[in-house]
Amino acid sequence: MSEHVPSSSSSVIQSLPRDLLFDMFASIGSQSFVDLHRMKICCKDFLELSEESYVLQNISLDNFPFIQWIPNENALIFLKRCVESENVESLYREGLREYFSYPNGNKGGLESLKFAAQKCHKEAMYVYGMILMCSENRDSRKQGVEYLRSLRKSKCIMRTRKNVQYFTNSLWKSNGVLLRNSTPICNTNSTCNGWRVKEGRWSLMDEDDDIKLCENC
């Protein structure tokens, strides 16, 4: 897409119903922040549309690094607005940074992860589900299994895990409030093949592997 849209094209687009323009800008933003930026500099009306919460909710953050090693004030303001607009990717990233922040972690980040998970953000579902599975509360652990079950049914759990690992590798991880529950969820070691997988180090399987594990494993 070129840097400037001809004025005649702008006029045609501006004549479209506002709801349709919202959907169009949200769709463009969900695919590429760069393309949305090119649209917003065309005219004042496009700039205003691109700043609406509905558009920010759906905007892609692929062009923004997880950690702003060289803080840019405009980028930080933009990312803050994404969080305020409940953009699930920004809430996932913010929650991940807060919850695992050094030295003690921040429980507030868990709420952001929970919100993003409830909106079916896959990486948030994985992280939040795993945190719940560390709980001493049996109902919380069951809820954690539910999130992992949903990802497993979609055959994306391993890919999601790798995406989470990509972000967490850049964190100095520490959280004094997160303790692993040492009691296994699976209590059928006499019949479940999962216990053979767990001998020594865990074996990572492909999405389509099926060795008749119980669901908890």
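Predicted model only: the values in this text are computed from it and were never measured.

**Structural notes on the overall build of the protein**
Within the protein, the regular secondary structure consists of 12 helices and 0 strands. Scanning the protein from its N terminus toward the C terminus, one meets helices and strands in the order α-α-α-α-α-α-α-α-α-α-α-α. Buried residues in the protein amount to 36% of all 217 residues. In the protein, once contacts between residues fewer than 6 apart in sequence are set aside, the share between residues at least 24 apart is 61%. Carbon together with sulfur atoms contributes 50% to the accessible area of the protein, which is approximately 13700 Å² in total.

**Quick word on the side chain of arginine 93**
Note on placement: arginine 93 falls in helix H7 (residues 88-99). Here the side chain of arginine 93 touches leucine 61 through a polar contact of 3.1 Å, landing on its backbone oxygen. Excluding anything up to four places from it in sequence, arginine 93 contacts Leu61, Asp62, Phe64, Pro65, Phe66 and Phe167.

Thresholds, definitions, all that
Every chain's residues receive numbers from 1 upward, in the order its sequence appears when written. Where totals are concerned, whole chains, interfaces and linings use all residues; where local detail is concerned, this predicted model gives features only for residues with pLDDT of at least 70, and gives and counts side-chain atom pairs only at 80 or more. Think of the side-chain values as coming from all heavy atoms in the structure, minus any hydrogens and water. Put simply, DSSP marks the helices as runs of H or I at least four residues long and the strands as runs of E at least two long, and each gets a number from the N terminus on. Exposure categories follow from relative accessible area, calculated using a 1.4 Å probe and restricted to protein chains: below 20% of the type maximum is buried, above 50% is exposed, and the middle band is partly exposed. In this analysis, two residues are considered to be in contact whenever any of their non-hydrogen atoms come within 4.5 Å of each other. Every accessible area reported is derived by Shrake-Rupley at a probe size of 1.4 Å, with residue values counting cover from the shown protein chains alone. Pairs of N or O atoms are called polar contacts if they sit within 3.5 Å, as long as, within protein, a hydrogen donor faces a hydrogen acceptor (for residues adjacent in sequence, only side-chain-to-side-chain pairs).

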